[in-house]
Amino acid sequence: MELRRWGFLLLVASSIQFISISFPARGQPSNSQEVRGEGYCSMYGICGQRSDGKVLSCPNRTHSVKPDKVLSSKIQSLCPTISGNVCCSPDQFDILRGQVQQVIPLLVGCPACLRNFLNLFCELVCSPNQSLFTNVTSVKKVNGNRMAVDAIDFYVTHYFGEQLFNSCKDVKFGTMNTRAMDFIGAGAKNYPEWFAYLGHQANSNEPGSPYAITFRSKSNDSSGMMPMNVTAYSCVDSSLGCSCGDCPSSSVCFDSLPPAPHVKQFCSIKIVSLKVKCLDLSLAIGYLFLISAFLLWGFVYRKERTDSLRTKPSINVNEESKLNSDEKQEILCISQISEAPPVVKAQQPVAQRYMSDFFRKYGSFVSKHPTLVLCLSLAVPLLLCLGLIHFEMETRPEKLWVGPGSKTAKEKQFFDSTLGPFYRIEQLILASILDSNGERAPSIVTDKNLKLLFELQKKVDGLRANYSGSMVSLTDICLKPLGRNCATQSVLQYFKMDPQNYDAYGGLDHVQYCFQHFSSAEKCLSEFQAPLDPSTALGGFSGSNYSEALAFVITYPVNNELDKKSTEYAKSVAWEKAFVRLMQDELVPMVQPQNLTLSFSSESSIEEELKRESTADVITILVSYLVMFAYISITLGDRCQLSSSFVSSKVLLGLSGVVLVMLSVLGSVGFYSIIGVKSTLIIMEVIPFLVLAVGVDNMCILVHAVKRQPLELVLEERISNALVEVGPSITLASLSEVMAFAVGSFIPMPACRVFSMFAALAVLLDFILQVTAFVSLIIFDFLRAEDDRVDCVPCIRLASSSSADEGIVKQDLGLLTRYMKDVHAPLLSLQGVKIVVVAVFFGFAFASIALCTRVQPGLEQKVVLPRDSYLQSYFDDIAKYLRVGPPLYFVLKDFNYSLESRNTNQICSISQCDPNSFLNEITKASLVPSSSYIAKPAASWLDDFLIWLSPEAFSCCREFLNGSYCPPDDQPPCCQPNDGLCTTGVECKDCTTCFLYSDLHDGRPSTVQFMEKLPWFLSALPSSNCAKGGKGAYTSSVNISGYESGIIQASAFRTYHTPLK
């Protein structure tokens, strides 16, 4: 899921406080006198203020006044629709101007929206005809006996309200990857909802209006009220044009509409009420045609054979004798073939003939020198096993599944090296479970669960991990966007992570309030001074019904390092291990009695679990090898009497064969460890069983081939004949397996490539050991048996007996051999069985082809983890509850910011940017997340930088007389903290905006201006007066190394992927 990598102050809703501005009266008409008409005010003068400092207007009616030249020019710069007399003095206008500066940075990207929004409140505060569309409906006493406004009606035409909302509803607030309407209108869906939010009377210490404002669009004829109807600008207006990202309905955007949702189209045919894919139907027709053709061929062939037999009755008379004669001839032919190799040569392919000659000579050599062959063959894998001292296991997921030369790996390497590695994520999910009736689980957002969450957080805060003698806590390693507090993502941030604030803030009611006002209420800001989107801290809700959430999602971003050997990296890993132990030992048992579940994960969890699985499987592998050893020992032995079983058994030979298989696996791992190739989990889990299966097969073939030879032959001839019989087939089969795995080594995915490399060498070593060491061991074993020595204890020799000799000489067929000879082969020779077998085989083949198209690509992390891993429940909860996808970054290389290159307008998404600019295209793609998988518009440092530079955002880019950076008035040194409030001083009274309109080129900075001010922007703290400061939000989004040349090497634009399910 996405976490905030930044923090900034944003008190947007407090911007509407300027509606409370009132004006010192030059004269106060009687309150009982109703004066309504052009040139009159309905509120005039300040009668006092609330306990939270918000000023209250007097319900006075007086004639509007003519401003002096200085005030008139100021009003014209902010409120061009107002001319002549006004209802505000210089001091009140300065208050108004100071309040609207909080909203301007949010809306300046769309001039039409900003103009309409300013006109609304300029008319309310300073219009000379104020009495025509405002009416005081309630007053109250303040500061003694003075009466102050408590509620008003504000008449605004439906047309203006509709145009105002339409011009602002799509304006982006890139820093938060969302719409500005979420901040200035609490996510309003229409203008009545927006007006209701703006007119809500704020409680004490809450942002908003100090008195209630009821927006009305119609008035009674008798009241004399006339709804305010100044010019409303559309966002499609070319004179105040907004970008396509802020105004998708603009005419310049029609040619580049958002892409239509991509729907996979499959050719299908409807048969009655059944819809069948064309491929499935084609395969079915092909299968029926093939089976029909096969049946027809069988019928014709059988008929022709029957007709030919009828024409030769003499053959049928002696059929049985002839067949018996044929069987005898066949047996005789087989015997001649086995005894006369030259005849075999004439019937064999050239390659096989050469291999037969080689194995005949080789068998004779091994029989004469078994000790030499055994020692030399064992020396190779044993030497390779020395490489195991360099054995390393690769457990990093990104190294297992992403090739080093792949596009993804190169992009990540570029990102990490230029913009810094992505932060580490430690996360826990506290979720409610189904009630006793098995229905929907109850909401997690309860007073009891919030207090429990504070207890869990206290445990995490108190966690200390030991690293080289020093104690590491969360605050030592956590991500701190503004350098003060951890950017923990939790609903507890609504209480500044302090349990003492729970009751003081209002407990559960405060949480419910922050769900709707997280972006606007100062009291809902996090401890690290950033709005906390509840969708990142809750799970299991639908739409924006956060109160129905089924899970708390708590995320701890932790600093990351590229150097895996650095001290900071090691500290993070040490804390993560302690974090996992804390969850397992203390927190999980703590929440279970509360009818809740707790799942968790750390950045290193997957890697640690893969390591655990690799060691846990050692016992499984050993047990499997013992089972195969027992199987081999039984199958290789002879069926004989109990008295001769000690001699005829093959336990020692079977054990030796299993050891050879293990040596081939270890030799393969050792060889690649020598050359620096790391092993993987799949190698340790699969290859031992794979090579064991292949090795056991070949061992059985070799032993039974020797046992099939006539015992009258000397052992040397029996070994040679056996190798001639099965050697070529074993060789070709093994080489085919080796080549198949060798081809797999060209797969770019590291896990598959390394597996194929290890498997190919292991199978090759296994084959070599089988035809060398194992053949030598067969010779030793047969010599032992012929000498009547006990298996496993060859130093003991039994006395020879006639019955034992008979048992050895007589070669009884085994149970499996007799089954194949007497049952399986005759059954397969039946005509009907042949047809059924072929039909079933082709049926499975065609069905497999059809089902291949339904295979879904991808690899779930759960598959590669142990079934008992704590991460299994974590990934289940991720899929079940999370409503935010992972972060998605668009990285731009070599951005030429010079004025001549036009790259700026080709990338940005504010006013005067190209309609099809890079960021506008991302915004349009986010409108169809089902196909683009982009959940929200991208956070753009470039857009925010251009707005921050704009003269309209007059409180953002400022400078002292000496040319150094001057922060906004609500930041030191321009103001000094005083009991939690910021008292404005005189240090910044001479600060001026960085640029005038005439200094810019169509709203864009020159190359020099861009170069000079970009570092200011990236180090500027965001605050109420200027929410566009780049510190925290974009600190790691721009690499300014060498940017003085006019080229920014790398910069990132952040958005979200859709939730992964």
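Analysis parameters
- Residues numbered from 1 in each chain as written.
- Predicted model: local features only at pLDDT ≥ 70, side-chain atom pairs only at ≥ 80, totals over all residues.
- Heavy atoms only, no water.
- UniProt positions renumbered as here; feature names shortened; annotations may be inferred.
- Helix = DSSP H or I, 4+ residues; strand = E, 2+ residues; numbered from the N terminus.
- Expected span 1.5 Å × (residues − 1).
- Bend = angle between axes of the 7 residues up to and from the residue.
- Buried < 20%, exposed > 50% of the residue type's maximum accessible area, 1.4 Å probe, protein only.
- Contact = heavy atoms within 4.5 Å.
- Patch = residues over 30% accessible without salt bridge, like charges linked within 9 Å, V, L, I, M, F, W, Y side chains within 5 Å.
- Areas by Shrake-Rupley, 256 points an atom, 1.4 Å probe, with all protein chains shown as cover.
- Salt bridge = Lys/Arg side-chain N within 4 Å of Asp/Glu carboxyl O.
- Disulfide = S-S within 2.5 Å.
- Pairing = 2+ DSSP bridges.
- Axes fitted to C-alpha atoms, helices over the stretch in contact; angles between N-to-C directions.
- Polar contact = N/O pair within 3.5 Å; in protein donor to acceptor, adjacent residues only side chain to side chain.
- Phe/Tyr/Trp six-rings, centres within 6.5 Å; stacked < 30°, edge-to-face > 60°.
- Lys NZ or Arg CZ within 6 Å of the ring centre and 35° of its normal.
- Parallel < 35°, antiparallel > 145°, perpendicular 65-115°, else oblique.
- Nonpolar A, V, L, I, M, F, W, Y, C, P; charged D, E, K, R; others polar.
- pLDDT = per-residue confidence, 0-100.

A. Spotlight on the UniProt feature "transmembrane region" (unreviewed entry) in the protein. Under the feature "transmembrane region" (unreviewed entry), the UniProt entry names residues 281–300, 618–639, 651–675, 681–706, 754–780 and 827–851. Segment residues 281–300 splits into 100% helix and 0% strand. End C-alpha atoms: 28 Å apart. The annotated region residues 754–780 carries 100% helix and 0% strand content, and the separation between its end C-alpha atoms amounts to 37 Å.

B. Summary view of helix α37 (residues 1007–1019). Along its 13 residues, α37 runs 19 Å from first to last C-alpha, staying within 8% of the 18 Å computed at 1.5 Å per residue. The largest bend in α37 comes to about 35°, at K1013, with the proline P1015 one to four residues further on. Within α37 the residues assigned to the buried category are Q1009, F1010, K1013, L1014, W1016, F1017 and L1018. In this structure, the buried residues of α37 make contact with β20 (887–896), α36 (941–949), β21 (958–959), β22 (965–966), β26 (1038–1039) and β27 (1047–1056).

C. Broad picture of a nonpolar patch on the surface. Where nonpolar side chains cluster on the molecular surface, the patch consists of W401, I747, M749, L859 and V863 and spans about 420 Å² of accessible area. Take L859: its relative accessible area is 46%, and that puts it in the partly exposed class.

D. Representation of the state of the cysteines. Enumeration over the complete set of coordinates arrives at 13 disulfides. Here C478 connects covalently by a disulfide to C486, the sulfurs 1.9 Å from one another. Judged by the sign of its S-S torsion, about -70°, the cystine formed by C478 and C486 is left-handed. Note on accessibility: C478 and C486 belong to one class, buried. Each disulfide pairs two cysteine sulfurs, and for C514 the partner residue is C524, the sulfurs being separated by 2.0 Å.

E. Representation of unusual backbone geometry in the model. With omega at 0°, the peptide bond leading from P972 into P973 counts as cis. Residue placement: P973 occurs in the loop between β22 and β23 (975–978). Here M497, not a glycine, exhibits a phi torsion of approximately 60°, which is positive. With respect to the element layout, M497 can be found in the loop between α18 (474–477) and α19 (501–505). The exposure class of M497 is buried, given its relative accessible area of 15%. Backbone geometry at R902 places phi at a positive 65°, although glycine is not the residue there. Looking at where R902 falls in the secondary structure, it is placed in the loop between β20 and α33 (903–907). For R902, a relative accessible area of 41% gives the class partly exposed.

F. Examining the sheet that holds β21 more closely. As summarised here, the arrangement of the 3 strands in space is β22-β21-β25, forming an open sheet in which the pairing is antiparallel. Looking at the sheet topology across the chains shown, the edges are occupied by β22 and β25 (992–993). Pairing between β21 and β22: 2 bridges, direction antiparallel. Its bridge partner lying in β22, E959 is registered against Y965.

G. Local environment of the sheet that holds β26. Across the sheet, which stays open at both edges, the 3 strands sit in the order β20-β27-β26 with antiparallel pairing between neighbours. One side of each edge strand has no neighbouring strand; the edge strands of this open sheet are β20 and β26. Inspection of the sheet shows β20 paired to β27 by 9 bridges, in the antiparallel sense. Pairing of L892 across the sheet is with S1051, part of β27. Sitting on the sheet, α36 touches β20, β26 and β27, and the angle it makes with β27 is about 105°.

H. Seen up close, the environment of N1039. Inspection of the secondary structure assignment puts N1039 in strand β26. What makes N1039 buried here is its relative accessible area of 11%. For the pair N1039 and S417, spaced 622 residues apart in the sequence, the C-alpha separation amounts to 10.0 Å. Aside from chain neighbours lying at most four places away, what touches N1039 is T418, L419, I1048, Q1049 and A1050. From its side chain, N1039 meets the backbone nitrogen of S1041 in a polar contact 3.0 Å long.

I. The packing of aromatic side chains, seen in detail. For the structure shown, the criterion picks out 43 aromatic pairs. Measuring from ring centre to ring centre gives 5.8 Å for F133 and F154, while their planes differ by 40°; the resulting arrangement is tilted. With F133 in helix α5 (residues 130–133) and F154 in strand β6 (residues 146–155), the pair connects residues that are 21 residues apart, well separated along the chain. Look at F895 and F1010: their rings are 6.2 Å apart centre to centre, the planes differ by 75°, and that puts the pair in the edge-to-face class. Linking F895 in strand β20 with F1010 in helix α37, this pair joins segments that are 115 residues apart in sequence. Residue F895 is classed as buried on the basis of its relative accessible area of 1%. Overall, F1010 belongs to the buried group, its relative accessible area being 1%. The residue whose ring lies beneath R883 is F541, and the NZ or CZ to ring-centre distance is 6.0 Å. Across from the ring centre of F414, 4.5 Å away, lies the NZ or CZ of K893, which sits over that ring.

J. View of the environment of K140. By secondary structure assignment, the location of K140 is in strand β5 (residues 134–142). What makes K140 partly exposed here is its relative accessible area of 29%. For the pair formed by K140 and L56, sequence separation is 84 residues and the distance between their alpha carbons is 10.0 Å. Setting aside residues up to four positions removed in sequence, K140 forms contacts with L56, R146, M147, A148 and D150.

K. Up close: the packing of helix α13 (residues 350–368) against helix α14 (residues 370–385). Axis separation between α13 and α14 bottoms out at 5 Å; the angle between their running directions is 100°. Considered as vectors, α13 and α14 are oriented roughly perpendicular to each other. Contacts between α13 and α14 involve Y362, F365, V366, S367 and K368 on the former and, on the latter, P370, L372 and V373. Among the residues making up the contact of α13 with α14, the classes are represented as 6 nonpolar, 1 polar and 1 charged.

L. Quick peek at the confidence of the model for the protein. When the pLDDT values of the protein are averaged, the result is 81; 86% of them are 70 or greater. Confidence scores differ between elements of the protein, with helix α11 (residues 319–339) showing the lowest mean pLDDT of 40 and strand β16 (residues 551–558) the highest of 95. Long-range and interchain partners of residues 1–33, a stretch whose pLDDT sits below 50, account for 165 contacts in this model, where long-range means more than four residues apart. Long-range and interchain partners of residues 314–346, a stretch whose pLDDT sits below 50, account for 6 contacts in this model, where long-range means more than four residues apart.

M. Region of interest: the pattern of salt bridges. Within the structure shown, the criterion is met by 23 salt bridges. With a shortest N-O distance of 3.1 Å, E394 and R396 are connected by a salt bridge. The partner of E609 in a salt bridge is R612, and the shortest N-O contact between them spans 2.9 Å. Taken as a pair, E609 and R612 lie in helix α23 (residues 605–636) at a separation of 3 residues, close to a single helical turn. According to the relative accessible area criterion, R612 is partly exposed, its value standing at 31%. One network of salt bridges, in which partners are shared, links E394, R396 and K678.

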